[in-house]
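# Report on the structure
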Amino acid sequence: MEANAVNETTWKFEVGAWITHKDRPMPSLVVGRVRTSKGTEIYGVRSFAVVDPNRDRMILGECLCPIDDEAWADCLLTPEMTGKLAN
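Below: a short report on this structure. (Residues numbered from 1 in each chain as written. Predicted model: local features only at pLDDT ≥ 70, side-chain atom pairs only at ≥ 80, totals over all residues. Heavy atoms only, no water.)

### Things to note about the pairing of strand 1 (residues 18-21)
- Residue alternation in strand 1 divides its side chains into two sets, Trp-18 and Thr-20 and Ile-19 and His-21, and both sets are buried.
- Two successive antiparallel strands, strand 1 and strand 2 (residues 28-35), enclose a turn made up of six residues.
- One ladder, built from three bridges, connects strand 1 with strand 5 (residues 64-66); its direction is antiparallel. By the bridge assignment, Thr-20 is partnered in strand 5 with Cys-65. (Buried < 20%, exposed > 50% of the residue type's maximum accessible area, 1.4 Å probe, protein only. Helix = DSSP H or I, 4+ residues; strand = E, 2+ residues; numbered from the N terminus. Pairing = 2+ DSSP bridges.)

In structure tokens:
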């Protein structure tokens, strides 16, 4: 195995994870993910921000972090509602 090979089973976020953007609140759900040949993670996310004219987008994994209270405050759904969606 090459020294710089990426472990294909290790991801920053799982599909179905709730995330936000590291620079501003953007409550979103991970709906897909791909890895480039250089190992960069790109996530397909659906935004649940109260106001967002572009609900679906692709974002680099390095720009995302786990959802926080600030992002939940700007979310169309409550944390309790999202739990029901998973079931």
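### Comments concerning the packing of aromatic side chains
- Following the criterion strictly, the structure yields four aromatic pairs and no others.
- Between Trp-11 and Tyr-43, the aromatic rings sit 6.2 Å apart at their centres with planes inclined by 75°, giving edge-to-face as the arrangement. Within this pair, whereas Trp-11 is found in the segment before strand 1, its partner Tyr-43 is found in strand 3 (residues 41-47), the two being separated by 32 residues in sequence.
- In this structure Trp-11 comes out as buried when scored by relative accessible area, which is 17%.
- Residues Phe-13 and Tyr-43 carry aromatic rings whose centres are separated by 5.7 Å and whose planes lie at 80° to one another, so their mutual orientation is edge-to-face. Linking Phe-13 in the segment before strand 1 with Tyr-43 in strand 3, this pair joins segments that are 30 residues apart in sequence.
- The class for Phe-13 is buried, based on a relative accessible area of 7%.
- Here Tyr-43 falls in the buried class, since its relative accessible area comes to 0%. (Phe/Tyr/Trp six-rings, centres within 6.5 Å; stacked < 30°, edge-to-face > 60°.)

### Things to note about the nonpolar core
- Of all hydrophobic cores here, the largest spans 11 residues; its members are Trp-11, Phe-13, Ala-17, Ile-19, Met-26, Val-30, Tyr-43, Val-45, Ile-59, Cys-63 and Leu-64.
- The contact partners of Trp-11, leaving out residues within four places of it in the chain, are Arg-33, Val-34, Arg-35, Glu-41 and Tyr-43.
- Within the second largest apolar cluster, seven residues are counted, among which are Ile-67, Ala-71, Trp-72 and Cys-75. (Core = buried A, V, L, I, M, F, W, Y, C linked by side-chain atoms within 4.5 Å. Contact = heavy atoms within 4.5 Å.)

### Comments concerning a nonpolar patch on the surface
- A surface patch of nonpolar side chains, about 290 Å² in accessible area, is lined by Val-50, Val-51 and Leu-76.
- Looking at where Val-50 falls in the secondary structure, it is placed in the loop between strand 3 and strand 4 (56-60). (Patch = residues over 30% accessible without salt bridge, like charges linked within 9 Å, V, L, I, M, F, W, Y side chains within 5 Å. Areas by Shrake-Rupley, 256 points an atom, 1.4 Å probe, with all protein chains shown as cover. Salt bridge = Lys/Arg side-chain N within 4 Å of Asp/Glu carboxyl O.)

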